[in-house]
There are 2 protein chains.
Amino acid sequence: MDQVRPYSALIERLRAAGLRPTRQRLALARLLFEGGDRHLTAEQLHSEARSGNLRVSLATVYNTLHQFTDAGLMREIIVESGRSYFDTNTSEHHHFFDADSAELSDIPGDEVVISRLPAAPSGRIIERVDVVVRVRNRAFGPHGRLT
Amino acid sequence: MDQVRPYSALIERLRAAGLRPTRQRLALARLLFEGGDRHLTAEQLHSEARSGNLRVSLATVYNTLHQFTDAGLMREIIVESGRSYFDTNTSEHHHFFDADSAELSDIPGDEVVISRLPAAPSGRIIERVDVVVRVRNRAFGPHGRLT
DNA sequence: GTGTTTGCAAAGTGTTTGCAATTTA
DNA sequence: TAAATTGCAAACACTTTGCAAACAC
């Protein structure tokens, strides 16, 4: 059945974004979009793909994530230097970042409210406002010492 | 005069942080702390140091920035993957990030107000809340096209 | 003198790129 | 078959590390 009419919704989604539904893109799209909201690095997605049967190169994973991001299917989130997270939730929302586990998670919809925001500097417009709530294990203090 | 009693305030500041006031650390501290609030990458600080007469290696600049950060003299801010900014303003405040110029700047004190914040996930405590207002040149759209 | 700090060059990350081979329409 | 996509390996940018020489106290 899969062979006959595989994942037509995702295929349409890719086509609508102007991306050919290749085997790699489709398989990555399944991993990304069929499991609810996800926050993944390229490495993580790559190894998930490998664990399932898909043969994809890391370069293709990067390309695909950027193509999906450019197409508005996902967002790139930066919380650590030297690593990008990609978020399948494109609605307006903010994030927890757990420094101990390096995991990013959504803050449910309305639990962050910004009641005042500055005007953009002259000649600029606000493109996006990111709020990152950095959390850590309760047991450790600012420099890794016990609290 | 400089030779007799050079920068005693900064020297004290370093000593108080448990850092020997070496020539390199003192010179970097001057660049960082004597010019108001600054937002610099390691590379930027390194080239400033070289422009002034100081001979410092990039590795020492990195070490020094981390030591200062660990000592609470500055903060590290992450807004772009693959690059760290260091902020000499340690008071609670947030940032503009201009994607066109890759420049980071402070949002004056009370111009960002967060009126609701979620509880930390269980077993975690909130370490810090970062708000980054990403701005760009008014003339360009989401993918660099004219608006 | 003794322990700390520095500089260098090498190694390490995560990410991007160039290009021939493959796949899609 | 023409154009888009993929994989590989090399190239990249930024950061960290190891260790001998230089320095601070």
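Quick notes on the rules
- Residues numbered from 1 in each chain as written.
- Chains lettered and ligands numbered in written order.
- Predicted model: local features only at pLDDT ≥ 70, side-chain atom pairs only at ≥ 80, totals over all residues.
- Heavy atoms only, no water.
- Buried < 20%, exposed > 50% of the residue type's maximum accessible area, 1.4 Å probe, protein only.
- Helix = DSSP H or I, 4+ residues; strand = E, 2+ residues; numbered from the N terminus.
- Arc of directions from axis to C-beta.
- Contact = heavy atoms within 4.5 Å.
- Domains from an automatic or database assignment.
- Buried area = accessible area lost by both parts, 1.4 Å probe.
- Salt bridge = Lys/Arg side-chain N within 4 Å of Asp/Glu carboxyl O.
- Polar contact = N/O pair within 3.5 Å; in protein donor to acceptor, adjacent residues only side chain to side chain.
- Nonpolar A, V, L, I, M, F, W, Y, C, P; charged D, E, K, R; others polar.
- 1 Å grid on protein atoms, 1.4 Å probe; cavity = no way out; pocket = protein on both sides within 12 Å on 5 of 7 lines; lining within 4 Å.
- Points joined across faces, edges and corners; volume = space filled by probe spheres on them.
- pLDDT = per-residue confidence, 0-100.

### Structural notes on helix α3 (residues 42-51) of chain A
All names here are of chain A.
Now for step 1: Considered for burial, the residues of α3 that qualify are Ala42, Leu45, His46 and Ala49. Burial along α3 is one-sided: seen end-on, the buried residues are contained in an arc of 100°.
Now for step 2: Residues of α3 that are buried sit in contact with α2 (23-33), β1 (39-40), α4 (58-70) and β3 (83-87).

### Here we look at the domain arrangement of chain A
Residue and element names in this part refer to chain A.
Now for step 1: In terms of domain boundaries, chain A breaks down into domain 1 (1-89) and domain 2 (91-147).
Now for step 2: Computed from C-alpha coordinates alone, the two centres of domain 1 and domain 2 are separated by 25 Å.
Now for step 3: Buried surface at the junction of domain 1 and domain 2, both sides included, amounts to about 1100 Å², of which 48% is carbon and sulfur.
Now for step 4: Connecting domain 1 to domain 2 are 0 salt bridges.
Now for step 5: For the interface between domain 1 and domain 2, the tally reads 10 residue pairs in polar contact (both at pLDDT 80 or more).
Now for step 6: A total of 5 residues in the side of domain 1 that touches domain 2 trace back to one element, the largest contributor, which is strand β2 (residues 75-80).
Now for step 7: Along the lines of polarity and charge, the residues of the side of domain 1 that touches domain 2 split into 3 nonpolar, 2 polar and 6 charged.

### Focus: empty space enclosed by the protein
Now for step 1: Enumeration according to the criterion identifies 2 cavities of 30 Å³ or more in this entry.
Now for step 2: Considering only enclosed or pocket space, the largest cavity measures out at about 60 Å³ in volume.
Now for step 3: For the lining of the largest cavity, the elements supplying multiple residues, two or more each, are β2 and β7 (124-137) of chain A together with β7 (124-137) of chain B.
Now for step 4: The space that makes up the second largest cavity amounts to roughly 30 Å³.
Now for step 5: Looking at the second largest cavity, the residues that line it are Arg75, Ile77, His93, His94, His95, Asp130, Val131 and Val132 of chain B.
Now for step 6: If you list the elements that add at least two residues to the lining of the second largest cavity, you get β2 (75-80), β4 (94-98) and β7 of chain B.

### Here we look at the confidence of the model for chain A
Close inspection of predicted coordinates is inappropriate for parts of the model with low pLDDT.
Residue and element names in this part refer to chain A.
Now for step 1: Chain-level statistics for chain A give a pLDDT mean of 90 and a share of 90% at 70 or above.
Now for step 2: Confidence scores differ between elements of chain A, with helix α1 (residues 8-16) showing the lowest mean pLDDT of 92 and α4 the highest of 98.
Now for step 3: Per-residue pLDDT stays below 50 along residues 1-5; that stretch engages in 1 contact with residues further than four places along the chain or on separate chains.

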